[in-house]
Structures are given as structure tokens and as C-alpha cells.
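Coordinates in review
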Amino acid sequence: MSEPEGATAHRSEVAGVKGRTFLVTGANTGIGRATAAGLARQGGRVYVASRSRAKGEEAVTAIKASTGNDAVFYLPLDLADLDSVRACAAGFLATGEPLHVLVNNAGVVRARGLTKQGFELMFGVNHLGHFVLTNALLGCLTASGPARVVTVSSDSHYSARGIDFEALRRPERGVTGMHGYGVSKLCNVLFTQELARRTAGSGVTTYALHPGVVASDIWRRVPWPVRPLMMRRMLTVDEGAATSLYCATSPDVAQDSGKFYEKCAERTPSRVATPELAAELWKRSEEWTALP
Ligand SMILES: NC(=O)c1ccc[n+]([C@@H]2O[C@H](COP(=O)([O-])OP(=O)(O)OC[C@H]3O[C@@H](n4cnc5c(N)ncnc54)[C@H](OP(=O)(O)O)[C@@H]3O)[C@@H](O)[C@H]2O)c1
């Protein structure tokens, strides 16, 4: 018999969930859905943010049914359109609820093209959309403290040698599409480091992580028959959600901020992830998104 959604992830964590409010991006499928289900199973109030209403509402219904928790809600969010990102934040703020944990999980790989506002698609979705979402919700997170911002990065961030800021204004040109992905995941690590510096002492702590190599929809562009063969050796989505749940809820990391995790343990991030580059990325991101 198959286990209910979030069951494996549930066993990995027990603290700091009941009655608290969580918003998980890209929670209609994959690691995000397993994370949302794990939180709902432990009694959290969970917002499933997703670009497709149909997929998001299907996930809400399934998570409610499999966890027995009715406090699961859908929020529309297209991270490739900053107007949609701002509307998502406004929609959440209009509920008047506190926000205890934001999980920046959604991501794209091997994607080509530009976001609505003209940024390289993987940078735009994986970093810039989450940058705007987090900043729009930061006042609420601070007021709800202790609160956390968890950003799902990748060990692909080790492959990035730095950030060519000019390249972020045009579509990915690499053959595999992995170069831009590595840069976007380095941005997740840098964002977490700079956010930690800016929120120090505010009651908000922040974490970046590698979930492991996980059998999710992210491999949808890998052709058959390679894909099913590859996926047989990967972690399940529940196993892949374990480090997200750890960073979102564990008392073990309550005093930490700005660090990178894998397998529910701290790991040294790329040496390219310096405070100087983190500050520059933040400044550029602010200018590009016209944050005050
Ligand atoms: N799977 C792995 O092995 C692995 C390894 C390292 C890191 N990660 C990271 O883990 C995170 C979750 O990935 P996953 O493996 O669970 O992949 P997935 O199954 O493909 O899920 C990705 C999620 O992001 C959503 N998304 C994509 N573009 C979006 C947009 N413009 N606006 C809003 N949502 C958007 C997707 O929505 P749709 O369903 O509508 O496309 C989906 O809900 C990603 O950040 C990924 O980089 C995964």
C-alpha cells in the first residue's frame, strides 16, 4: 500500500508546526507539494502557491484529503511575472494572517526564454520572483516572528563561477541550459546570506538548501527512455522534502541564519558565495525590481 502524501517527510520533523502559517511556492507538485503535505500533516496552516489554478486547487484538495487538515489554501503565483508575484503577496497580506515560514521552493531547469519583465527565465523564476515575494512579505514575517525564509537551492550552485549580470537580461545561450540554472541556484545561496545579514536580530532567520537528487517533474525535459531509468535511482519527493521541512521547522537551526544545508545538516556552500557578491546581487535585484 502506498503511503499518504507527506508521510515520510512527517516522520523527519515534529516541532514548530501546529497552528503556524506556511506559504510554499511551487507546491502543486514535486518537492514543494511533499513539503506542503508534510506541514499540513503536522497541523500547519498551509498556502499552496502555484501558477496553475487547476493544478494548485487539485493539490489543495488532495493534501486536505490525505492529511485530514482543512487549513490548506490556494494562492495564484507566476514567478515569471513580477506583477503576479506582487499580487500573490497582496493576496496573502489581505487575509490578515501571520506568516511564520515562507518556503521559496518553485524552480525551473533547462528553461529558455525571458520573464515578462525581460529577465533570463531561470534567474527570473528561481531568484528574482522569490526576491520580490520575500521582500513583499518581510514586514509580515517580521511581525509574526520568530519566522523563517527557506529557499530551495541546489548543489548545481557549485558549478557557477560567478554572475555575469549582463547575461541575466537575455535568454540562456548554453547548449544544456544548465549554466543559467547553476547561476540561479547560486543566487538562492547569495540571497539567503544577504537576507540573513539584513534581518539579523529581527526574529527572521533564513536558510538555503540542496534537497538531494529527487524524482520530480523537474526532469520532464529529459527524453524517454533515459528519464525513467535515471529516476529509478533518485530520492522520492517525500525524501526530497526532508531538508526543507528541517529548515522550516526544526528547533536545531532556530539560532542559525544564512547557511546552506543538505541531508538535514549544514554544508559549506560554494566559495564563490562571498558577502560582496551577495551584496551586489541584492543591490542589482533591488534596482531591477524597483524596490524602495
Ligand atoms: N528534483 C531535484 O533533483 C532537485 C535537485 C536540486 C534542486 N531542486 C530544486 O527543488 C525545487 C523544487 O523542484 P522539484 O524537483 O520539485 O521540481 P518540479 O516537480 O518541476 O516542481 C517545480 C515547481 O515549480 C513550479 N514553477 C515553475 N515555474 C513557475 C513559475 N513561473 N511560477 C510559479 N511556479 C513555478 C512548478 O509549477 P508547474 O507544475 O506549473 O510547472 C512546480 O510546482 C526547485 O527549486 C529545484 O531547482 C530539485
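A brief look at the structure comes next.

What counts and what doesn't
- Sequence positions are assigned chain by chain, starting from 1 and proceeding in written order.
- Since the coordinates come from a predicted model, pLDDT governs what is reported: local features require at least 70, and pairs of side-chain atoms require 80 or more to be given and counted, while whole-chain, interface and lining totals use all residues.
- Note that water and hydrogens are dropped before the side-chain values are worked out from all heavy atoms of the structure.
- A run of DSSP states H or I qualifies as a helix once it reaches four residues; a run of E qualifies as a strand once it reaches two. Both are numbered from the N-terminal end.
- We take the radius of gyration over the C-alpha atoms and set the globule estimate at 2.2 Å times the residue count to the 0.38 power.
- Each residue is assigned to one of three classes by its accessible area relative to the maximum for its type, calculated with a 1.4 Å probe on protein chains only: buried under 20%, partly exposed between the two thresholds, exposed over 50%.
- To estimate how far a helix should reach, multiply one less than its number of residues by 1.5 Å.
- Across the chain, bend at a residue is computed as the angle between axes fitted to the seven residues ending at that point and the seven starting from it.
- We define a polar contact as two N or O atoms separated by no more than 3.5 Å, with the added condition that, inside protein, one atom must be a possible hydrogen donor and the other a possible acceptor, whereas residues neighbouring each other in sequence contribute only through side-chain atom pairs.
- The criterion for a residue being near a molecule or strand is simple. One of its heavy atoms has to lie within 4 Å of it.
- Per-residue and other accessible areas follow the Shrake-Rupley method at a 1.4 Å probe size, with only the shown protein chains counted as cover for residues.
- When DSSP locates at least two bridges between a pair of strands, those strands are taken to pair.
- Take a side-chain nitrogen of Lys or Arg and a carboxyl oxygen of Asp or Glu: if they are within 4 Å of each other, that pair is a salt bridge.
- Among buried residues, those of type Ala, Val, Leu, Ile, Met, Phe, Trp, Tyr and Cys that are joined through side-chain atoms within 4.5 Å constitute a nonpolar core.
- We call two residues contacting when some pair of their heavy atoms lies within 4.5 Å.

On to the overall build of the chain. The number of helices and strands found in the chain is 10 helices and eight strands. Radius of gyration (C-alpha) of the chain: 17 Å, near the 19 Å computed for a compact globule of 292 residues. The principal-axis extents of the C-alpha atoms in the chain amount to approximately 50 × 50 × 35 Å. Expressed as a percentage of the 292 residues in the chain, the buried residues total 55%.

With 23 residues, helix α5 (residues 121-143) ought to run about 33 Å at 1.5 Å a step, and its terminal C-alpha atoms sit 32 Å apart, in line with that. Where α5 bends most, the angle comes to about 45°, and this point is L137. Counting buried positions over the 23 residues of α5 gives 19, a clear majority of the element. Its side-chain oxygen placed 3.1 Å from the backbone nitrogen of M122, E120 serves as the N-cap of α5.

Moving on, we come to the site of the ligand. Taken together, 31 residues surround the ligand, and among them N28, R51, Y181, V214 and S216 come closest. At 2.8 Å, a backbone N or O of I31 approaches an oxygen atom of the ligand. Side-chain polar atom of R220 to an oxygen atom of the ligand: 3.4 Å apart, as the coordinates give it. Considering the ligand on its own, with 890 Å² of exposed area, one finds that the protein chains cover 97% of that surface. Among the secondary structure elements, those contributing two or more residues to the shell around the ligand are α2 (30-41) and α6 (178-199).

Turning our eyes to something else, we now look at the sheet that holds strand β6 (residues 204-210). Strand order in the open sheet formed by eight strands is β3-β2-β1-β4-β5-β6-β7-β8, with mixed pairing between adjacent strands. The outermost strands of the open sheet, each flanked by one partner alone, are β3 (72-76) and β8 (265-266).

Let's shift gears to the pattern of salt bridges. Across all of its chains, the model carries 14 salt bridges by this definition. Measuring nitrogen to oxygen at the nearest pair gives 3.8 Å for the salt bridge that ties K116 to D83. Note that K116 is positioned in the loop between β4 (101-104) and α5 and D83 in helix α4 (residues 82-94), a separation of 33 residues in sequence. Classification of K116 as exposed rests on a relative accessible area of 58%. Looking at D83, the relative accessible area reads 43%, which means it is partly exposed. Put simply, K283 and E287 hold a salt bridge, and the shortest N to O gap is 3.7 Å.

Right, let's talk about unusual backbone geometry for a bit. A cis amide bond, omega 5°, links G145 with the succeeding residue P146. The omega torsion across W224 and P225 is 5°, close enough to zero to call that bond cis. Tracing the chain through its elements places P225 in the loop between β6 and α7 (226-231). A positive phi angle is found at R110, which is not glycine, with a value near 55°. Structurally, the position occupied by R110 is in the loop between β4 and α5. Residue R110 is classed as partly exposed on the basis of its relative accessible area, which comes to 33%. Notably, K263 is not glycine yet its phi reads approximately 50°, a positive angle.

Another aspect to go through is the environment of S159. Mapped onto the elements of the fold, S159 is located in the loop between β5 (147-152) and α6. S159 sits in the partly exposed class, given a relative accessible area of 46%. C-alpha separation for the pair S159 and V60, spaced 99 residues apart in sequence, amounts to 35 Å.

Within the largest apolar cluster, 35 residues are counted, with the highest numbers of intra-cluster contacts made by L23, F92, L99, L102, L133, L137 and L141. Every element with two or more residues in this core is listed here: β2 (45-50), α4, α5, β5 and α6. If one sorts the elements of this core by residue count, α5 sits on top with 10 residues. Contacts of L141, omitting those with residues within four sequence positions, involve L99, H100, V101, L102, A147, R148, V149 and V204.

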